[in-house]
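As a plain string of letters, each chain reads:
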Amino acid sequence: MADATDDRLRLLIERIERLEEEKKGIADDIRDVYAEAKAVGYDPKIMRQVVRLRKMKPDDRNEMEMVLDTYKAALGLG
């Protein structure tokens, strides 16, 4: 019984390790795309913000923008 449990644990750990490697590869690819965008004149910092906004639900994005506008007005930022 312990051997089967040990094998199962080993297989799960190995799967996690493979996925972590894939995740690192994908993160490297994303970084390369931002570097490419920068090389042709786009601002990666702004692009990251746009990606973050596009991930949000429209209602959440609208609420965040309203709160941001309120804070900006309170600070005289227009």
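Predicted, not measured: the structure shown is a model, and the values here were computed from it.

## Considering the overall build of the protein chain
Then comes step 1: For the protein chain, the helix and strand inventory stands at 3 helices and 0 strands.
Then comes step 2: The N-to-C order of helical and strand elements in the protein chain reads α-α-α.
Then comes step 3: Taking 2.2 N^0.38 as the reference for a compact globule, 78 residues should give roughly 12 Å; the C-alpha atoms of the protein chain span a radius of gyration of 22 Å, well beyond that estimate.
Then comes step 4: Counting only C-alpha atoms and orienting by the principal axes, one finds that the protein chain spans roughly 70 × 35 × 20 Å.
Then comes step 5: Across the 78 residues in the protein chain, those meeting the buried criterion constitute 4%.
Then comes step 6: Of the accessible surface of the protein chain, which amounts to about 7300 Å², a share of 58% is contributed by carbon and sulfur atoms.
Then comes step 7: Between the averaged position of the 16 positive side-chain charges in the protein chain and that of its 18 negative side-chain charges there is a distance of 4 Å.

## Things to note about helix H1 (residues 2-39)
Then comes step 1: The end-to-end C-alpha distance of H1, which contains 38 residues, comes to 55 Å, matching closely the 56 Å that a straight helix rising 1.5 Å per residue would cover.
Then comes step 2: Two residues or fewer past H1, Gly41 is found with a positive phi of approximately 105 degrees.

## Considering the packing of aromatic side chains
Then comes step 1: One pass over the full model with this rule turns up 0 aromatic pairs.
Then comes step 2: Over the face of the ring belonging to Tyr34 we find Arg48, whose NZ or CZ atom lies 3.9 Å from the ring centre.

## What to know about the pattern of salt bridges
Then comes step 1: A complete count under the given rule lists 5 salt bridges for this structure.
Then comes step 2: For Arg10, the salt bridge identified is with Asp7, shortest N-O distance 3.8 Å. Taken together, the positions of Arg10 and Asp7, both in helix H1 and 3 residues apart, correspond to about one turn of that helix.
Then comes step 3: Because the salt bridges share partners, they merge into one network encompassing Asp7, Arg10 and Glu14.

## Some remarks on the environment of Arg10
Then comes step 1: Relative accessible area serves as the criterion here: at 41%, Arg10 is assigned to the partly exposed category.
Then comes step 2: With 40 residues separating them along the chain, Arg10 and Val50 place their C-alpha atoms 40 Å apart.

Quick notes on the rules
- Residues numbered from 1 in each chain as written.
- Predicted model: local features only at pLDDT ≥ 70, side-chain atom pairs only at ≥ 80, totals over all residues.
- Heavy atoms only, no water.
- Helix = DSSP H or I, 4+ residues; strand = E, 2+ residues; numbered from the N terminus.
- Rg over C-alpha atoms; globule rule 2.2 N^0.38 Å.
- Buried < 20%, exposed > 50% of the residue type's maximum accessible area, 1.4 Å probe, protein only.
- Areas by Shrake-Rupley, 256 points an atom, 1.4 Å probe, with all protein chains shown as cover.
- Lys, Arg positive; Asp, Glu negative; His and termini not counted.
- Charge placed at Lys NZ, Arg CZ, Asp CG, Glu CD.
- Expected span 1.5 Å × (residues − 1).
- Phe/Tyr/Trp six-rings, centres within 6.5 Å; stacked < 30°, edge-to-face > 60°.
- Lys NZ or Arg CZ within 6 Å of the ring centre and 35° of its normal.
- Salt bridge = Lys/Arg side-chain N within 4 Å of Asp/Glu carboxyl O.

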